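The chain contents come next:
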Amino acid sequence: QKEVEQNSGPLSVPEGAIASLNCTYSDRGSQSFFWYRQYSGKSPELIMFIYSNGDKEDGRFTAQLNKASQYVSLLIRDSQPSDSATYLCALPPGGYNKLIFGAGTRLAVHP
Amino acid sequence: DAGVIQSPRHEVTEMGQEVTLRCKPISGHDYLFWYRQTMMRGLELLIYFNNNVPIDDSGMPEDRFSAKMPNASFSTLKIQPSEPRDSAVYFCASSLVAGGDGYTFGSGTRLTVV
């Protein structure tokens, strides 16, 4: 089992809808979780991180963490075409000082 | 701050040649990471440094790859000899603390080995 798993997509949503991106992980020792966005041909950029079970909101973005079920998700409200990108889930396995990334989910927001 | 600076942006080289990729982390960041990204394997961690010391190089694919960090403001990733399967985008990232608030990535070096 991979340490971090994501559906590769593409996930296609209409403009204005909610996009839901999911990530599951195998290491129960992981304590922090990160979401990065990567536009085509660009480098990953940090969107959000979450440490505690529950929801964390930042503008149109909400990260959700469920440690018991070992999944973390990212919701994007009022999706815009500019949100079209690949979204990468990342975590430090076993508390080690390094981030392991999932393969990413490609999101396409169409007008 | 200028962010994490990588050079060159693009590199095309012939199989068997030596390739050196360079990275300048954000000033004050104690951690530096080298990643490689391909369509097939995604974003893979190759090696990371803490205070200029290599901590984990378990992701380095083989002896052809080596990385150094002679001081807090400079790191290199060298491939010798290069092979076509090394073609990828190589990213350098730095962080103030381990994991902590996430990493800041450089713009990457797109390496093509022909």
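Residues numbered from 1 in each chain as written. Chains lettered and ligands numbered in written order. Predicted model: local features only at pLDDT ≥ 70, side-chain atom pairs only at ≥ 80, totals over all residues. Heavy atoms only, no water.

## Observations regarding the packing of aromatic side chains
Selection criterion: Two rings from Phe, Tyr or Trp (for Trp, the six-membered ring) form a pair when their centres sit within 6.5 Å of each other. Planes less than 30 degrees apart are called stacked, planes more than 60 degrees apart edge-to-face, and all others tilted. Secondary structure follows DSSP: runs of H or I at least 4 residues long count as helices, runs of E at least 2 residues long count as strands, and numbering of each begins at the N terminus. Only protein chains enter the area calculation, which uses a 1.4 Å probe; residues under 20% of their type maximum are buried, those over 50% are exposed, and those in between are partly exposed. Working rule: Lys NZ or Arg CZ, within 6 Å of ring centre, within 35 degrees of ring normal, means a charge sits over the ring.
Tallied over the full model, the rule gives 14 aromatic pairs over all chains. Seen in terms of ring centroids, Phe 101 of chain A and Tyr 35 of chain B are 5.5 Å apart; in terms of plane orientation they differ by 90°. Their pairing is edge-to-face. With Phe 101 of chain A in strand β10 (residues 100–101) and Tyr 35 of chain B in strand β4 (residues 31–38), this pair bridges two chains. Among the residues examined, Phe 101 of chain A registers a relative accessible area of 8% and is labelled buried. Aromatic pair Tyr 31 of chain B and Phe 33 of chain B: ring centres 6.3 Å apart, planes at 15°, arrangement stacked. Each member of the aromatic cluster is reached from another via a ring pair, and the members are Tyr 36 and Phe 101 of chain A together with Tyr 31, Phe 33, Tyr 35, Tyr 48, Phe 91, Tyr 103 and Phe 105 of chain B. Cation over ring: Arg 60 of chain A sits above Phe 61 of chain A, and NZ or CZ is 5.6 Å from the ring centre.

## Remarks on the side chain of Gln 6 of chain A
Stated formally: When checking whether two residues touch, look at their non-hydrogen atoms; a contact exists if any pair is within 4.5 Å.
Relative to the elements of secondary structure, Gln 6 of chain A occurs in strand β1 (residues 4–6). Look past the residues within four positions of Gln 6 of chain A in its chain and what remains in contact with it is Asn 22, Cys 23, Trp 35, Tyr 87, Leu 88, Cys 89, Gly 102, Ala 103, Gly 104 and Thr 105 of chain A.

## Observations concerning the sheet that holds strand β1 (residues 5–7) of chain B
All names here are of chain B. For clarity, the threshold we go by: Strand pairing requires that DSSP identify at least two bridges connecting the strands. Note on method: axes are straight lines fitted to C-alpha atoms, helices fitted across the in-contact stretch only, with angles between N-to-C directions ranging 0 to 180 degrees.
Reading across from one edge, β1-β3-β8-β7 is the order of the four strands in this open sheet, with antiparallel pairing throughout. Across the chains shown, the open sheet's two edge strands, defined by having one partner strand only, are β1 and β7 (65–71). Averaged over neighbouring strand pairs, the angle between their axes works out to 15° when direction is ignored. Note that β7 and strand β8 (residues 74–79) share five bridges and pair antiparallel. Bridge assignment links Ser 66 to a residue of β8, and that residue is Lys 78.

## Regarding the interface of chain B and chain A
The condition is simple: Note: buried area is the sum, over both parts, of the accessible area (probe 1.4 Å) each one loses when the two are combined. The term salt bridge refers to a pairing of a side-chain nitrogen on Lys or Arg with a carboxyl oxygen on Asp or Glu at a separation within 4 Å.
Each partner contributes residues to the interface: chain B has 19 residues there, and chain A has 14 residues. Summing the contributions of chain B and of chain A, the shared interface buries around 1400 Å²; its carbon and sulfur component is 55%. Between chain B and chain A we count one salt bridge in total. With a shortest N-O distance of 2.7 Å, Lys 98 of chain A and Asp 56 of chain B are connected by a salt bridge. Counting only elements with at least two residues in the side of chain B that touches chain A, the list comes to β4 and β5 (42–50) of chain B. Ranked by residue count, the leading element in the side of chain B that touches chain A is β4 of chain B, at four residues.

## Details of the pattern of salt bridges
Residues and elements named next belong to chain B. In the structure shown here, the tally under the stated rule is twelve salt bridges over all chains. The partner of Glu 62 in a salt bridge is Arg 64, with the nearest N and O atoms 2.8 Å apart. According to the relative accessible area criterion, Glu 62 is partly exposed, its value standing at 27%. Overall, Arg 64 belongs to the buried group, its relative accessible area being 9%. One continuous salt-bridge network, built from bridges that share partners, spans Glu 62, Arg 64, Glu 83, Arg 85 and Asp 86.

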